[in-house]
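# Topology and contacts: notes
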There are 2 protein chains.
Amino acid sequence: MSRATAQAPSNIAFVKYWGARDLKRALPYNPSISMTLANCVSRSTVEVLPDGAPDQVLLGGDSGELSLAPAAFADRVCQHLVTLRAETGTQGGFRVATKNSFPTGAGIASSASGFAALTLAVTAALGLDFSDEELSILARRSGSGSAARSLMGGYVELPTGIVASDGNSETASSEDSLSFSIQLADADHWDLRDVVAIVETGPKEISSLEGHKRSLTSPYYPRRQELLAQRLHVVRQAIAERSFSALGPVLEEEAIDLHLIAMSSRPPVFYWNPATLALLSTVRTLRDEGLPAYSTMDAGANVHVICEPEHEPEIARRLIAVRGVRRIIRDRVGTGPRLDVEPLF
Amino acid sequence: MSRATAQAPSNIAFVKYWGARDLKRALPYNPSISMTLANCVSRSTVEVLPDGAPDQVLLGGDSGELSLAPAAFADRVCQHLVTLRAETGTQGGFRVATKNSFPTGAGIASSASGFAALTLAVTAALGLDFSDEELSILARRSGSGSAARSLMGGYVELPTGIVASDGNSETASSEDSLSFSIQLADADHWDLRDVVAIVETGPKEISSLEGHKRSLTSPYYPRRQELLAQRLHVVRQAIAERSFSALGPVLEEEAIDLHLIAMSSRPPVFYWNPATLALLSTVRTLRDEGLPAYSTMDAGANVHVICEPEHEPEIARRLIAVRGVRRIIRDRVGTGPRLDVEPLF
């Protein structure tokens, strides 16, 4: 049977996707911008099975062994396989194996890299030639907005797909087919680093999905949306001009903002833990000492510290010393997904 | 010479004063509501000196000894003495000694109790008979909005003093003389407790005064003001009906809100430390276990846990076990200031 293997990276958002018009298809209320990572990747091997065969979802182990995936994981993968079958007009089942380069439970979200790799491997196994834009739409329909951005390397924006008619957002129509990723700049354009301080390794108390839902109940959500136009503009420009001093403050502001919305949701959502606060404070101290470093966070307790290459070793050294930090992952901007990788089976 | 001694309590705000139309006179943008405490008090002895004599500011020690107050403390006291001289039409200097019942540097703000006690002692030493309302205006003019609320026992509201003409807030006139405290209910009305978890004992990196100033730069400040009308209504009603289940959630929401405004101010203000977050999480856990407890915070890292009397011992026991907690102060709603206390000299 036809088989393909794809590798796709995770990414770290500079402007966050938080709150959706359509959660199942991850159609966002606002554009998001991220940096694609290099080392935190998922690999996915997909084999097309005969028509009507049941899907099989496996996990790749460290020594090359394969095991059945836990039910919750398998369910989410199967749901995306249903979507991909419908979109590609195929009937076959799929045998899927997935493996992450980063340790499971390391607190690195694997849905972005995982669904990007899965989407790419399925279409490749079917011999279908989709454009990056089309692939990003398919990946987004997994329910992970971040997965859509992981289909491209460098610096990537995912627009909302909303087209305002007559310049009046009240009469805007929202198009699923228009929310696809756009590469703002490739990885060679700007060598930025991401030092990830892992402080929480278990599953979150409140899932991102639930956080997205509740975000709309925050009394500050509409104001955040208003603020984003200017923030997106600054981030796009900072990337274009490789201006770290322009990017940094808005990056940190935006990360805090996501958590302000979470904490003011009803009921409130708290993702930070004590070590998160210690890290945020350490990063401010680093800046006071003249070391340019800015923190950002996804919907979780871990802290990503974005910096320029020359400051990465010192920043990593300082972060590992913070109480509550379990491990440090040093990553950098990456070139995006690949198909020339070793199969898992 | 004429001499008087007054004792006044601290208080914990249920609805926060954060942001001022006039910082020097603590004229607030929104009404605040607090519970006056019983055990955390300041005592102030004031002696009227001959006309033109320089003010003297002393601190009372644990063994009854008096020492010169540090310059920063003395300066703020002297500034208020200048205000009080102008308001009372006197020329005399003052010899002032102050002592707090709670340890200095325990992380309990002493400006509320201190300026309330000072205001009361000065007017008593001058033989002037001001009403509680007038005293609260004088105390507010120290620059501590909280001091105005400490002139009364029980549950106290400090209105803004803004009078809307024609129901149009655009043409509102703001009257310093109309922002005086109102007792919503006396201490006997409702026996609530405040278990204070002290996690920070040093001075804050960013003063409350600076926090107030920056608050107006938060893009969320105007929306917070809109939300407060409903929140004030709920708190007033919960106090009137002694409904802890109605008070608790809005109390916690409001405390988080103050810090959301601080963290979204430009530049941002962070008052929390790792132990603060651990405490907030512990209080949520207590509730999950069926123990009604709600946290609130002033502009600082310490956490006040408000509860009913029967749950106070267990809550205190649980809070002291949280990493980073230096000490627990157990306090309760109090009856307000007193003049029948032992002089410091």
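Residues numbered from 1 in each chain as written. Chains lettered and ligands numbered in written order. Predicted model: local features only at pLDDT ≥ 70, side-chain atom pairs only at ≥ 80, totals over all residues. Heavy atoms only, no water.

### Section: the packing of aromatic side chains
- Enumeration according to the criterion identifies 12 aromatic pairs over all chains in this entry.
- Here the aromatic rings of W18 of chain A and Y271 of chain A are separated by 6.3 Å at their centres, their planes lie at 70°, and the arrangement is edge-to-face. Of the two residues, W18 of chain A sits in the loop between β1 (3-15) and β2 (20-22) while Y271 of chain A sits in the loop between α7 (244-263) and α8 (274-288), which places them 253 residues apart along the sequence.
- On the accessibility criterion, W18 of chain A (2% relative accessible area) is buried.
- With centroids separated by 6.1 Å and ring planes inclined at 35°, the aromatic side chains of Y155 of chain B and W190 of chain B adopt a geometry described as tilted. (Phe/Tyr/Trp six-rings, centres within 6.5 Å; stacked < 30°, edge-to-face > 60°. Helix = DSSP H or I, 4+ residues; strand = E, 2+ residues; numbered from the N terminus. Buried < 20%, exposed > 50% of the residue type's maximum accessible area, 1.4 Å probe, protein only.)

### Let's talk about the domain arrangement of chain A
Residue and element names in this part refer to chain A.
- Taken domain by domain, chain A holds domain 1 (3-188) and domain 2 (191-332).
- For domain 1 versus domain 2, the distance between C-alpha centres works out to 23 Å.
- Between domain 1 and domain 2, a total of about 3000 Å² is buried, with carbon and sulfur atoms accounting for 67% of that surface.
- The three residues of domain 1 that bury the most area against domain 2 are F14, K16 and W18, which together make up 29% of that side's buried surface.
- Linking domain 1 with domain 2 are 2 salt bridges.
- As a salt-bridge pair, K16 and D298 come within 3.3 Å of each other at their nearest N and O atoms.
- Connecting domain 1 to domain 2 are 14 residue pairs in polar contact (both at pLDDT 80 or more). (Domains from an automatic or database assignment. Buried area = accessible area lost by both parts, 1.4 Å probe. Salt bridge = Lys/Arg side-chain N within 4 Å of Asp/Glu carboxyl O. Polar contact = N/O pair within 3.5 Å; in protein donor to acceptor, adjacent residues only side chain to side chain.)

### Concerning the pairing of strand β8 (residues 155-158) of chain B
Residue and element names in this part refer to chain B.
- The alternating pattern of β8 places Y155 and E157 and V156 and L158 on opposite faces, both of which are buried.
- Here strand β4 (residues 32-51) runs beside β8; their pairing, made up of 4 bridges, is antiparallel. Following the sheet pairing, S32 is matched in β8 by L158.
- Note that β8 and strand β11 (residues 182-185) share 3 bridges and pair antiparallel. Paired with Y155 across the strands is A185, a residue of β11. (Pairing = 2+ DSSP bridges.)

### Structural notes on the relation of the copies chain A and chain B
- Superposition record for chain A on chain B: RMSD 0.0 Å, screw rotation 180°, translation along axis 0.0 Å. Such a combination of turn and shift is consistent with a two-fold rotation axis. Minimal C-alpha separation from the rotation axis in chain A is found for P274 of chain A, amounting to 2.0 Å.
- The share of interface residues of chain A whose copies in chain B are also at the interface is 100%, consistent with both copies meeting through the same surface. (Least-squares fit on C-alpha atoms with pLDDT ≥ 70 in both. Contact = heavy atoms within 4.5 Å.)

### Some remarks on the packing of helix α8 (residues 274-288) of chain B against helix α9 (residues 312-320) of chain B
Residue and element names in this part refer to chain B.
- Put simply, α8 and α9 touch, their axes get as near as 10 Å, and they point 140° apart. The angle between α8 and α9 places the two elements in the oblique class. Read as a crossing pair, α8 and α9 show a hand that is right-handed. Here L279, T282, V283, T285 and L286 of α8 lie close against α9, whose contacting residues are I315, R318 and L319.
- The residue inventory of the contact of α8 with α9, partitioned by class, reads 5 nonpolar, 2 polar and 1 charged. (Axes fitted to C-alpha atoms, helices over the stretch in contact; angles between N-to-C directions. Parallel < 35°, antiparallel > 145°, perpendicular 65-115°, else oblique. Left-handed = near helix turned anticlockwise from the far one by under 90°. Nonpolar A, V, L, I, M, F, W, Y, C, P; charged D, E, K, R; others polar.)

### Describing helix α3 (residues 132-140) of chain A
- Turning to α3 of chain A, its buried residues are L135, S136, I137, L138, A139 and R140 of chain A.
- Check the buried side of α3 of chain A and you find it contacts β3 (27-28), α1 (71-88), α2 (111-125), α4 (145-149) and β8 (155-158) of chain A.

### Regarding the sheet that holds strand β12 (residues 193-198) of chain B
All names here are of chain B.
- A sheet is described by the order of its strands in space; here 4 strands give the open sequence β13-β14-β12-β15, paired in antiparallel fashion. Edge positions in the sheet fall to β13 (294-296) and β15 (327-332), since each has one partner strand and no second. In this sheet, adjacent strand axes meet at a mean angle of 25° when their direction is disregarded.
- By the bridge criterion, 6 bridges tie β12 to β15 in an arrangement that is antiparallel. When the sheet's bridge partners are listed, D194 is paired in β15 with D331.
- α9 rests against β12, β14 (303-307) and β15 of the sheet, and its axis sits at about 160° to β15.

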